[in-house]
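Residues per chain are reported as follows:
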Amino acid sequence: CDSMLLAATRKVSSMATDAWIVAAMTRAILEPDTISYSSAISACDKGAEWQKAPLLLSAMGIAMLEPNTTSYNAAISACEKGAEWQRALG
């Protein structure tokens, strides 16, 4: 259900909305998962907020979540648009 909520926000170009949702999920004791983070990272790409993509990727590690291919691809795509694709690799 929480993944569906973030997927629905992909259509909104504001990364602030996605970051707020991830924060709200944490406060509500809903555990964001890999899909949730991947959706938020993808929203960074679509919302021209590439700077936040590597931060979310790092936040996954802090949350003890393993980024998957979708997570990395979304981060690379977001950073590529900012001419900073190397930042997505670590």
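A brief structural summary. Note that the structure is predicted; figures quoted are calculated from it, not measured.

### Section: the overall build of the chain
Tallying secondary structure elements over the chain gives five helices and zero strands in all. Counting from the amino terminus, the chain carries its helices and strands in the arrangement α-α-α-α-α. Across the 90 residues of the chain, 42% fall into the buried class. Taking the contacts inside the chain whose residues are at least 6 apart along the sequence as the reference set, 53% of them involve residues at least 24 apart.

### Quick look at the packing of helix H4 (residues 52–62) against helix H5 (residues 69–81)
Running from N to C, H4 and H5 point in directions that differ by 155°, and their axes come no closer than 9 Å. Considering their axes alone, H4 and H5 lie roughly antiparallel with respect to each other. Relative to H5, the crossing made by H4 is left-handed. In contact with Ala53, Pro54, Leu57 and Met60 of H4, H5 contributes Ser71, Tyr72, Ala75, Ala78 and Cys79. Residue classes in the contact of H4 with H5 are distributed as eight nonpolar, one polar and no charged.

### Considerations on unusual backbone geometry
Residues other than glycine seldom take positive phi values, yet Met64 does so here, at roughly 60°. Within the secondary structure, Met64 sits in the loop between H4 and H5.

### Some remarks on the nonpolar core
Ranked by size, the top nonpolar core spans 15 residues in total, and within it Tyr37, Ile41, Ala53, Leu56 and Met60 carry the most contacts. Those elements that place two or more of their residues in this core are helix H3 (34–46), H4 and H5. The contact partners of Met60, leaving out residues within four places of it in the chain, are Thr34, Tyr37, Ile41, Leu65, Glu66, Pro67 and Ser71.

### Comments concerning the pattern of salt bridges
Applying the stated criterion to the full structure yields two salt bridges. The partner of Lys52 in a salt bridge is Glu49, and the shortest N-O contact between them spans 3.0 Å.

### Things to note about the packing of H3 against H4
Contact geometry of H3 with H4 gives a least axis separation of 9 Å together with a crossing angle of 170°. Here H3 lies roughly antiparallel to H4, going by the angle between them. In contact with Thr34, Tyr37, Ala40, Ile41 and Cys44 of H3, H4 contributes Lys52, Ala53, Leu56, Leu57, Ala59 and Met60. A breakdown of the residues in the contact of H3 with H4 according to their chemical character gives nine nonpolar, one polar and one charged.

### A short note on the state of the cysteines
Summed over the entire model, instances satisfying the criterion amount to zero disulfides. Unpaired in this structure, Cys44 has its nearest cysteine sulfur neighbour in Cys79, at a distance of 8.7 Å. Using a relative accessible area of 0% as the deciding quantity, one classes Cys44 as buried. For Cys79, a relative accessible area of 0% translates into the label buried.

Reading the values: rules and limits
- Residues numbered from 1 in each chain as written.
- Predicted model: local features only at pLDDT ≥ 70, side-chain atom pairs only at ≥ 80, totals over all residues.
- Heavy atoms only, no water.
- Helix = DSSP H or I, 4+ residues; strand = E, 2+ residues; numbered from the N terminus.
- Buried < 20%, exposed > 50% of the residue type's maximum accessible area, 1.4 Å probe, protein only.
- Contact = heavy atoms within 4.5 Å.
- Axes fitted to C-alpha atoms, helices over the stretch in contact; angles between N-to-C directions.
- Parallel < 35°, antiparallel > 145°, perpendicular 65-115°, else oblique.
- Left-handed = near helix turned anticlockwise from the far one by under 90°.
- Nonpolar A, V, L, I, M, F, W, Y, C, P; charged D, E, K, R; others polar.
- Core = buried A, V, L, I, M, F, W, Y, C linked by side-chain atoms within 4.5 Å.
- Salt bridge = Lys/Arg side-chain N within 4 Å of Asp/Glu carboxyl O.
- Disulfide = S-S within 2.5 Å.

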